[in-house]
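# Remarks on the overall topology
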Amino acid sequence: MILRKIFKLGKFLKYLVILLLMLSLNLNAGDKYSVRVAHGWATSSDLGEILFGQIDGSYGKDLSVTSLDVGYLLYEEVYDLPIDVYVKGSLGYFYEDGVHDDILETAIYIKAYYNIDFYDNRVRIGLAEGFSYTSHILYAEKQDALENQDNNSNFLNYLDISIDFDLGKLTRYKPLEQTYVGWALKHRSGVFGLINDVKHGGSNYNTFYIEKNF
């Protein structure tokens, strides 16, 4: 399983490099738009454990996701604070390791970034809230529901928590500015039963990504 993951990640990184070169051209749309490509794997840890760095293994299956997110800048420096707000849409492809057919996801969400600037570098901490719909129930969510005697749902609340850095500012290579590399958590849940009576069932995917603003 580990070798398969390494092989798949190598192929994915190749496409990321190609995408990075394409997006790093001198595009000029007022930095109003963003495109993100992400790839990652499911974890059996819950949201709280992940945020405190207690990331457990998988579900014994090679469960991964590749997603494409596009966004539009709604507000820049809200109330003169270093906070930018985007509206975003996402398409995700979940590989389910032969458990059943692979699964597609659509999501829409609002995401705020807190910008931290220091020594001509930039780090962003992002938090998003929205909704996600999958074409079938994810294997990770089925297992979570069985363990907690809970319900399942295709339609769930969506959280996206991320941290990244500006690759161009870090490398002092201007064409790569506004190109961000980082980590994001894709989280689906029923918000303790508020959505479709899903109290504990849900899923968490740790992903790594490249995002370009243009």
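Residues numbered from 1 in each chain as written. Predicted model: local features only at pLDDT ≥ 70, side-chain atom pairs only at ≥ 80, totals over all residues. Heavy atoms only, no water.

## Structural notes on the packing of aromatic side chains
Taken as a whole and assessed by the stated rule, the structure comprises seven aromatic pairs. Ring geometry for Tyr109 and Tyr158: centres 5.3 Å apart, planes at 45 degrees, overall tilted. Placement of the pair is Tyr109 in strand β4 (residues 103-118) and Tyr158 in strand β6 (residues 155-166), with a sequence separation of 49 residues. Neither residue differs from the other here; Tyr109 and Tyr158 are each classed as buried. (Phe/Tyr/Trp six-rings, centres within 6.5 Å; stacked < 30°, edge-to-face > 60°. Helix = DSSP H or I, 4+ residues; strand = E, 2+ residues; numbered from the N terminus. Buried < 20%, exposed > 50% of the residue type's maximum accessible area, 1.4 Å probe, protein only.)

## Description of the side chain of Ser153
Along the chain, Ser153 falls in the loop between α3 (139-148) and β6. A polar contact of 2.8 Å, which involves the side chain of Ser153, links it to the backbone oxygen of Phe155. Beyond its immediate chain neighbours, meaning those up to four positions away, Ser153 contacts Ile137, Glu141, Arg188, Asn196 and Val198. (Polar contact = N/O pair within 3.5 Å; in protein donor to acceptor, adjacent residues only side chain to side chain. Contact = heavy atoms within 4.5 Å.)

## Comments concerning α3
Buried within α3 we find Tyr139, Ala140, Glu141, Asp144 and Ala145. Those residues of α3 hidden inside the fold are in contact with β6, β7 (179-189) and β8 (202-213).

## Some remarks on the confidence of the model for the protein
On average, residues of the protein score 85 in pLDDT, and 81% of them are at 70 or above. The lowest-confidence element of the protein is helix α1 (residues 2-23), averaging 52 in pLDDT; the highest-confidence one is β4, averaging 98. Counting interchain partners and residues more than four positions distant, the pLDDT-below-50 stretch residues 1-7 has eight contacts. (pLDDT = per-residue confidence, 0-100.)

## Focus: the pairing of strand β3 (residues 83-95)
For a regular strand, side chains alternate in direction, first toward one face of the sheet and then toward the other. Looking at chain direction, strand β2 (residues 64-75) and β3 are connected through 11 bridges and run antiparallel. From the neighbouring strand, Gly71 faces β3, where its bridge partner is Lys88. When β3 meets β4, the two strands line up antiparallel, connected through 12 bridges. Counterpart to Phe94 in the pairing with β4 is Ile103. (Pairing = 2+ DSSP bridges.)

## Some words on unusual backbone geometry
One non-glycine residue with positive phi stands out, namely Tyr79, at about 50 degrees. Locating Tyr79 in the fold gives a position in the loop between β2 and β3. Here Tyr79 falls in the exposed class, since its relative accessible area comes to 75%. We note that Asn196 has phi near 55 degrees; this positive angle belongs to a residue other than glycine. Considering the arrangement of structural elements, one finds Asn196 in the loop between β7 and β8. Asn196 sits in the partly exposed class, given a relative accessible area of 44%.

## Let's talk about a nonpolar patch on the surface
A cluster of nonpolar residues, Tyr114, Ile116, Phe118, Tyr119, Ile125 and Ile163, forms a patch on the protein surface that exposes about 620 Å² of accessible area. Looking at which element gives the most residues to the nonpolar patch, the answer is β4, with three residues. One can find Ile125 in strand β5 (residues 121-134). (Patch = residues over 30% accessible without salt bridge, like charges linked within 9 Å, V, L, I, M, F, W, Y side chains within 5 Å. Areas by Shrake-Rupley, 256 points an atom, 1.4 Å probe, with all protein chains shown as cover. Salt bridge = Lys/Arg side-chain N within 4 Å of Asp/Glu carboxyl O.)

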